[in-house]
2 protein chains.
Amino acid sequence: MSPKPMARPGGRSARVQASVHAAVRELEAERGRAALTVPLIAARAGVTPSTVYRRWGDLQELLSDVAVERLRPEADPDDHGDLRADLTAWAEHFLEEMSSTPGRAYLRDALLGTPESGNASRCSDYAADQVDLILGRAAERGEEPLPGREAVMDHVVAPLLYRILFRTEGLSPEYARGLADAVLKDAGR
Amino acid sequence: MSPKPMARPGGRSARVQASVHAAVRELEAERGRAALTVPLIAARAGVTPSTVYRRWGDLQELLSDVAVERLRPEADPDDHGDLRADLTAWAEHFLEEMSSTPGRAYLRDALLGTPESGNASRCSDYAADQVDLILGRAAERGEEPLPGREAVMDHVVAPLLYRILFRTEGLSPEYARGLADAVLKDAGR
């Protein structure tokens, strides 16, 4: 897994993070979420419990950090050569990933971190980075006018996540495509 | 506090719910969230722990239920005699309530309930009911055209909650008003 942005790749901090994250994933798969404890995770990761407490504070904060890493996109959005195709495909894919059973569980865990941890905002940054890539490609192709990134966040990403978390009726690929089409229409396309 | 929709008002089920909810609120105020346990809450409420486990399953589910009750609006939206004024004032008020420190804590707790508990969807229903009231008044006044309720949910409520939970930069009363104005403009006003 990728280290936290703060951790120097290859440094001790990054190695501790990688082994503790791996221990959480393994133990969760083997024994289930309810069996996880800091001493158990530390033993599997080969570190002391105090290393875990010092870095993460408590189990909830650690699980939140692991969840955010799992929400990190594995690849850039597909390039279909056209903004509408890129944005609608990305919105459908985002809905599919985030509304899956593990996706929902990671979203909830990500929200359990303290506001200071910045875990929830890292999730949002991942989506914003993907939207930036899609809009950047469209700009390079000379597709104008373009919606702003924050307009896509407010009117495509936000309704998808709001409904996944709070209001699940009517969620469908068509709904995701409709949101993408509407933000393009608002931008004058 | 109001009973769950399922509980017959005045029945034993409603009395148990009211006393357990009150015990959670009192104990949380007195000792803090981290000190709460099911036996402690049950003792304060004058019920057995097994009554709590039978009805709520576990502490997390109980705290989620209490949080949702606290998110229940205390009054109908103000009536300013005009849709734009009603919707912008409501959006500002909603942002203020939900982005407060207790508001954020209740939102997170509400999301901790199992999907089957329907706690998160009750939060969304509270907002939808308030939007329905505002749009219903506008319809009675003959204000046309009107945005649909789901359009207001997607383009006013969703961005506010998404940013409160995931992306807090730039949240302001002006931002809330801007969302309300935009959904009215999209509806042709």
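Residues numbered from 1 in each chain as written. Chains lettered and ligands numbered in written order. Predicted model: local features only at pLDDT ≥ 70, side-chain atom pairs only at ≥ 80, totals over all residues. Heavy atoms only, no water.

**Brief notes about empty space enclosed by the protein**
All names here are of chain B. Basically, it comes down to this: Think of a 1 Å grid over just the protein atoms. A cavity is a set of points where a 1.4 Å probe fits yet cannot get out, a pocket is an open set with protein on both sides within 12 Å along at least five of seven lines, and lining residues have an atom within 4 Å of a point. Grid points are joined across faces, edges and corners, and a volume is the space filled by probe spheres set on the points. Runs of H or I in DSSP of at least four residues are treated as helices and runs of E of at least two as strands, each being numbered from the N terminus. Each residue gets one of three labels, nonpolar for Ala, Val, Leu, Ile, Met, Phe, Trp, Tyr, Cys and Pro, charged for Asp, Glu, Lys and Arg, and polar for the others, Gly among them.
Applying the stated criterion across every chain, the model contains two cavities of 30 Å³ or more. Lining the largest cavity, in full, are V24, E28, L63, V66, A67, R70, Y106 and D109. Secondary-structure elements contributing two or more residues to the lining of the largest cavity are helix 1 (12-31), helix 4 (59-71) and helix 6 (101-112). The leading source of residues in the lining of the largest cavity is helix 4, at four residues. Along the lines of polarity and charge, the residues of the lining of the largest cavity split into five nonpolar, no polar and three charged. Considered as a void within the structure, the second largest cavity measures approximately 40 Å³ in volume.

**Overview of the relation of the copies chain A and chain B**
Applied cut-off: Least squares is the method for superposing the copies, and the C-alpha atoms it fits come from residues with pLDDT of at least 70 in both. Here, two residues are considered to be in contact whenever any of their heavy atoms come within 4.5 Å of each other.
Of the transformation placing chain A onto chain B, the axial shift is 0.0 Å and the rotation is 180°, giving an RMSD of 0.0 Å. Here the symmetry operator amounts to a two-fold rotation axis. Same-surface contact between copies: 100% of interface residues of chain A are shared with the interface of chain B.

**Quick look at the side chain of S64 of chain A**
The residue S64 of chain A is located in helix 4 (residues 59-71) in this model. With residues near it in sequence (within four places) discarded, S64 of chain A still touches D109, A110, L112, G113 and N119 of chain A.

**Quick word on the UniProt feature "domain: HTH tetR-type" (unreviewed entry) in chain A**
Using the following cut-off: UniProt positions are given in the numbering used here, feature names are shortened, and annotations may be inferred rather than shown by experiment.
When the UniProt feature table is mapped onto this chain numbering, "domain: HTH tetR-type" (unreviewed entry) sits at residues 14-74 of chain A. In residues 14-74 of chain A, the share of helix is 77% and the share of strand is 0%. The end C-alpha atoms are 19 Å apart.

**Comments concerning the interface of chain A and chain B**
For clarity, the threshold we go by: Each reported salt bridge corresponds to a side-chain nitrogen of Lys or Arg within 4 Å of a carboxyl oxygen of Asp or Glu. In protein, a polar contact requires one atom able to donate a hydrogen and another able to accept it; more generally it is a pair of N or O atoms within 3.5 Å, and residues adjacent in sequence count only if both atoms are side-chain atoms.
The partner chain B presents 29 residues to the 29 residues of chain A that form the contact. Applying the counting criterion to the chain A and chain B interface returns eight salt bridges. Here D154 of chain A ties to R163 of chain B by a salt bridge, and the two come within 2.7 Å at their closest N and O atoms. Inspection of the chain A/chain B interface yields 15 residue pairs in polar contact (both at pLDDT 80 or more). Those elements giving two or more residues to the side of chain A that touches chain B turn out to be helix 6 (101-112), helix 7 (119-140), helix 8 (149-166) and helix 9 (173-186) of chain A.

**Topic: the packing of aromatic side chains**
For the record, the criterion: Ring pairs are drawn from Phe, Tyr and Trp, using the six-membered ring of Trp, whenever the two centres fall within 6.5 Å, and their geometry is named by plane angle: stacked under 30 degrees, edge-to-face over 60, tilted for the rest. When the NZ atom of lysine or the CZ atom of arginine is within 6 Å of a ring's centre and also within 35 degrees of its normal, the charge is said to sit over that ring.
With the rule as written, the count across this model stands at four aromatic pairs over all chains. One cation-aromatic arrangement involves R55 of chain A over W56 of chain A; the distance from NZ or CZ to the ring centre is 5.0 Å.

**A closer look at the domain arrangement of chain A**
Many authors give the size of an interface as the accessible area that is lost as the parts come together. Rule in force here: Throughout the structure description, domain borders are defined by an automatic or database domain assignment.
Parsing chain A into structural domains produces domain 1 (12-57) and domain 2 (73-186). Inter-centroid distance (C-alpha atoms) of domain 1 of chain A to domain 2 of chain A is 30 Å.

**Quick notes on the pattern of salt bridges**
Definition in use: For each residue, the accessible area found with a 1.4 Å probe, counting protein chains only, is set against the maximum for its type, and the residue is called buried under 20%, exposed over 50%, and partly exposed in between.
Considering all chains together, one arrives at 42 salt bridges over all chains under this definition. The salt bridge partner of D86 of chain A is R141 of chain A, with a shortest N-O separation of 3.1 Å. Of this pair, D86 of chain A sits in helix 5 (residues 83-99) while R141 of chain A sits in the loop between helix 7 and helix 8, and the two are 55 residues apart along the sequence. Look at R141 of chain A and you get partly exposed, because its relative accessible area is 30%. Across the pair D79 of chain B and R137 of chain B runs a salt bridge whose closest N-O atoms are separated by 3.8 Å. Placement of the pair is D79 of chain B in the loop between helix 4 and helix 5 (83-99) and R137 of chain B in helix 7 (residues 119-140), with a sequence separation of 58 residues. When salt bridges with common partners are traced through the structure, they connect D125, D132, R149, E150 and D154 of chain A together with R163 and R167 of chain B into a single cluster.

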